[in-house]
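Listed below, chain by chain, are the residues.
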Amino acid sequence: TEGRSLVGFDLGTGSDVAVAELDKAPAADDYYITWKETYIPPRKHGFMLRSQGVRTDRPGLKQGYFFMVNSVAGTVHILQSNTSDFNQLAEATLVAPGKNVPRWFRATATGNKLTLEYSDNGSDFTNILSVTDDLYPNAGTSQYVIGLGEGIRQMYVDDIVISNIKEINTNINPFVSNISPYQIIQRDN
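Residues numbered from 1 in each chain as written. Predicted model: local features only at pLDDT ≥ 70, side-chain atom pairs only at ≥ 80, totals over all residues. Heavy atoms only, no water.

**Student:** Would you mind showing me how to read the overall build of the protein here?
**Tutor:** Broken down by element type, the protein carries one helix and 12 strands. Mapped in sequence order, the helices and strands of the protein form the string β-β-β-β-β-β-β-β-β-β-β-β-α. Per-residue burial for the protein yields a buried fraction of 42% across its 189 residues. Sequence-distant contacts in the protein: of pairs separated by 6 or more residues, those separated by 24 or more amount to 59%. (Helix = DSSP H or I, 4+ residues; strand = E, 2+ residues; numbered from the N terminus. Buried < 20%, exposed > 50% of the residue type's maximum accessible area, 1.4 Å probe, protein only. Contact = heavy atoms within 4.5 Å.)

**Student:** Even after reading the chapter, I still don't get the pattern of salt bridges, so can you show me in this structure?
**Tutor:** Opposite charge on two side chains makes pairing possible when the charged atoms of those side chains draw close. Per the stated rule, a full pass over the model turns up six salt bridges. In this structure, the salt-bridge partner of Glu-21 is Lys-62, at a minimum N-O distance of 3.1 Å. Taken as a pair, Glu-21 in strand 2 (residues 17–21) and Lys-62 in the loop between strand 4 (44–52) and strand 5 (63–70) lie far apart in primary sequence, 41 residues in all. One exposure class covers both Glu-21 and Lys-62, and it is buried. (Salt bridge = Lys/Arg side-chain N within 4 Å of Asp/Glu carboxyl O.)

**Student:** Which parts of the structure should I look at to understand the environment of Tyr-118?
**Tutor:** Along the chain, Tyr-118 turns up in strand 9 (residues 113–119). With 82 residues separating them along the chain, Tyr-118 and Lys-36 place their C-alpha atoms 9.5 Å apart. Contacts of Tyr-118, omitting those with residues within four sequence positions, involve Leu-94, Arg-103, Trp-104, Phe-105, Asp-124, Phe-125, Thr-126 and Ile-128.

**Student:** Would you explain the environment of Val-161 in this entry?
**Tutor:** With respect to the element layout, Val-161 can be found in strand 12 (residues 155–164). Taking the relative accessible area as the measure of exposure, Val-161 reaches 41% and is therefore partly exposed. Here the alpha-carbon distance between Val-161 and Tyr-32, two residues 129 residues apart in the chain, equals 8.0 Å. If we ignore the near neighbours within four places in the chain, the residues touching Val-161 are Tyr-32, Ile-33 and Thr-34.

**Student:** What is the right way to read the pairing of strand 10 (residues 126–132) from this model?
**Tutor:** Taken together, the six bridges between strand 9 and strand 10 define a ladder with antiparallel strand orientation. Considered in strand 10, the bridge of Glu-117 is made with Asn-127. Hairpin geometry of strand 9 and strand 10 is characterised by an intervening segment of six residues between the two adjacent antiparallel strands and by a positive phi of about 90° at Gly-122. (Pairing = 2+ DSSP bridges.)

**Student:** Help me out: how do you make sense of the side chain of Thr-75 in this one?
**Tutor:** Within the secondary structure, Thr-75 is located in strand 6 (residues 75–81). Looking at Thr-75, its side chain comes within polar contact range of the side chain of His-77, at 2.8 Å. Residues contacting Thr-75, with those up to four places away along its chain left out, are Met-68, Val-69, Asn-70, Glu-91, Ala-92, Thr-93 and Leu-94. (Polar contact = N/O pair within 3.5 Å; in protein donor to acceptor, adjacent residues only side chain to side chain.)

**Student:** What am I meant to see in the packing of aromatic side chains here?
**Tutor:** Here a ring pair, both rings aromatic, is described through the centre-centre distance and the interplanar angle of the planes. Applying the stated criterion across every chain, the model contains five aromatic pairs. Between the aromatic rings of Tyr-65 and Tyr-136, the centroid separation amounts to 5.3 Å while the plane-to-plane angle is 80°, which identifies the pairing as edge-to-face. Note that Tyr-65 is positioned in strand 5 and Tyr-136 in the loop between strand 10 and strand 11 (141–147), a separation of 71 residues in sequence. Of the two residues, Tyr-65 and Tyr-136, both sit in the buried class. Ring plane angle 35° and centroid distance 5.7 Å describe the contact between Phe-66 and Phe-86, whose orientation is recorded as tilted. Taken together, the residues Phe-66 in strand 5 and Phe-86 in strand 7 (residues 86–93) connect sequence positions 20 residues apart. Phe-66 sits in the buried class, given a relative accessible area of 0%. (Phe/Tyr/Trp six-rings, centres within 6.5 Å; stacked < 30°, edge-to-face > 60°.)

**Student:** Could you clarify how one ought to interpret the nonpolar core in this entry?
**Tutor:** Soluble globular proteins: nonpolar side chains tend toward being buried together. In terms of nonpolar packing, the biggest core is built from 29 residues, with Trp-35, Leu-49, Phe-67, Val-76, Phe-105 and Leu-116 touching the most fellow members. Apart from the residues within four sequence positions on either side, Phe-67 is in contact with Trp-35, His-45, Gly-46, Phe-47, Leu-49, His-77, Ile-78, Ala-107, Thr-108, Leu-114, Thr-115 and Leu-116. Counting residues in hydrophobic clusters, the runner-up holds 10 residues, among them Val-17, Leu-61, Leu-79 and Leu-148. (Core = buried A, V, L, I, M, F, W, Y, C linked by side-chain atoms within 4.5 Å.)

Now the structure itself:
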């Protein structure tokens, strides 16, 4: 989108991670990120949701929930990123689709529920991981993270969509008075 940008961090020599801060994306408590990826060599990468604070071991990387795709091992993960480590919340096997074959992912944080879904066509998503956690309940920014010991080149990410989620209370029973049935039908078309 026009006016949106990615800010990359120069992490210096010896670093095994590259981070792009999605600085123009709105901070939100409940939101999802959808992306399409294609790789040449397999990589470890993904998006950090509700990112905040700093880490002492990897400059630029924040604390939050890291939804990681590991195409090297054929696994996906939901991790807590804390001040100096990752704590695994959930893991599943997901064989990588292959060199130059796109796959879409959607990472969602709603309340204390975290989910990761994937799609091979960009429209029909399958839930592969779901977990609840309360460590990072508040709004934060988002980051794209790549590397973690597997290199940072030749990984392509496209069609990034970030969207706030508005919960709808379906248990509301409105009370309408002093309106005839004809008027209700007329107003509702």
